Amino acid sequence: MIRTGLVIITAAALLGGCFYSDRALIGRFAADFPLEEGLYAHTPNHPDGRPFDRPMWTGYVEHRGGRYHSDVANFPHEGVRLREIAPGLYAGMKQSEDVWLYGLVYVYEGGVAAYHQPQCDDLAEADRNRYEIFENEVEPGTCRLEDWDVLEAVLLSYVAGFDGDLPVDGVYRRVEE
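To keep things clear, this report deals only with the structure shown in the data block. (Residues numbered from 1 in each chain as written. Predicted model: local features only at pLDDT ≥ 70, side-chain atom pairs only at ≥ 80, totals over all residues. Heavy atoms only, no water.)

**Here's the deal with the overall build of the chain**
Within the chain one finds three helices and 10 strands. Going from the N terminus to the C terminus, the chain shows its helices and strands as α-β-β-β-β-β-β-β-β-α-β-α-β. In the chain, which comprises 177 residues, the share counted as buried stands at 45%. Look at the contacts in the chain between residues 6 or more apart in sequence, and 59% of them connect residues 24 or more apart. (Helix = DSSP H or I, 4+ residues; strand = E, 2+ residues; numbered from the N terminus. Buried < 20%, exposed > 50% of the residue type's maximum accessible area, 1.4 Å probe, protein only. Contact = heavy atoms within 4.5 Å.)

**Describing the pairing of strand 10 (residues 170-174)**
Sheet analysis places strand 2 (residues 38-44) next to strand 10, joined by five bridges and oriented antiparallel. Residue pairing for strand 10: A41 is matched across the bridge by R173. (Pairing = 2+ DSSP bridges.)

**A few points about the pairing of strand 7 (residues 99-108)**
For a regular strand, the rule is simple: side chains alternate between the two faces of the sheet. Extensive coverage of strand 7 is indicated by the burial of eight of its 10 residues. As defined by bridge partners, strand 1 (residues 18-21) adjoins strand 7 across three bridges and the pair is classed as antiparallel. Each bridged residue has a counterpart across the sheet, and for Y20 the counterpart in strand 7 is L101. Of the strand pairs in this sheet, strand 6 (residues 89-96) and strand 7 are connected by eight bridges, and their pairing is antiparallel. What sits directly across from G92, in strand 7, is G103. What sits between the antiparallel neighbours strand 6 and strand 7 is a turn of two residues, in which E97 has the positive phi angle 60 degrees. Two strands pair when backbone bridges link them, and strand 7 and strand 8 (residues 112-116) are joined in this way by five bridges, in the antiparallel orientation. Considered in strand 8, the bridge of V107 is made with A113. Counted between consecutive antiparallel strands, the loop separating strand 7 from strand 8 contains three residues, among which G110 sits at a positive phi close to 85 degrees.

Structure below.
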C-alpha cells in the first residue's frame, strides 16, 4: 500500500492530479487503434500551454499486445492502450508501477493525436458526487476509479466541463518515412 501511495503521489506531482485505478479498466480486446503504425514525432507543451519549439521524441510506433509500443528509447507513452468514448475522442490508459493512469486523446485524420492528462480537481464537484468518486485523502489531487462505465462517464463529463476548450499537453504527428 505504501508503494502504491508513492507511485500515485509521484504521478500526481508530475501530472498535476490524475484519475487512476488499481486494475486495468481498458482490456486488451477492448483496445482501439485509431493511429496507424508508423514514424511519429512527439511535441509536448510547456505548462503554460505553448508547444515546445521542436519535437522532443521521434520514432516508429507499432501495435503490440493491445498497446502502442516503440523500440526507440524514451517513448513517452510506451504501453498506452486507447478506447473510444466519443467520435475521435479516446480514453488513454498507461500503467505506472502498480496503478493505471487515465488520460484523454483526440485523434485527427492524417495521423495526428493531441492528448491531455485530466486533473480530478477540474471535474465539477457535482460530477464527482454523481459518480461517487472522491479525492484520495492519502494522495491529494488523485481520484481512484474502479469501473469502465464510470471512467467513461467521468471523462465525458470532464470534457463537457471545459466547453470545447480542453487544454493540450502534447501532440503526436505522423511524419514521412
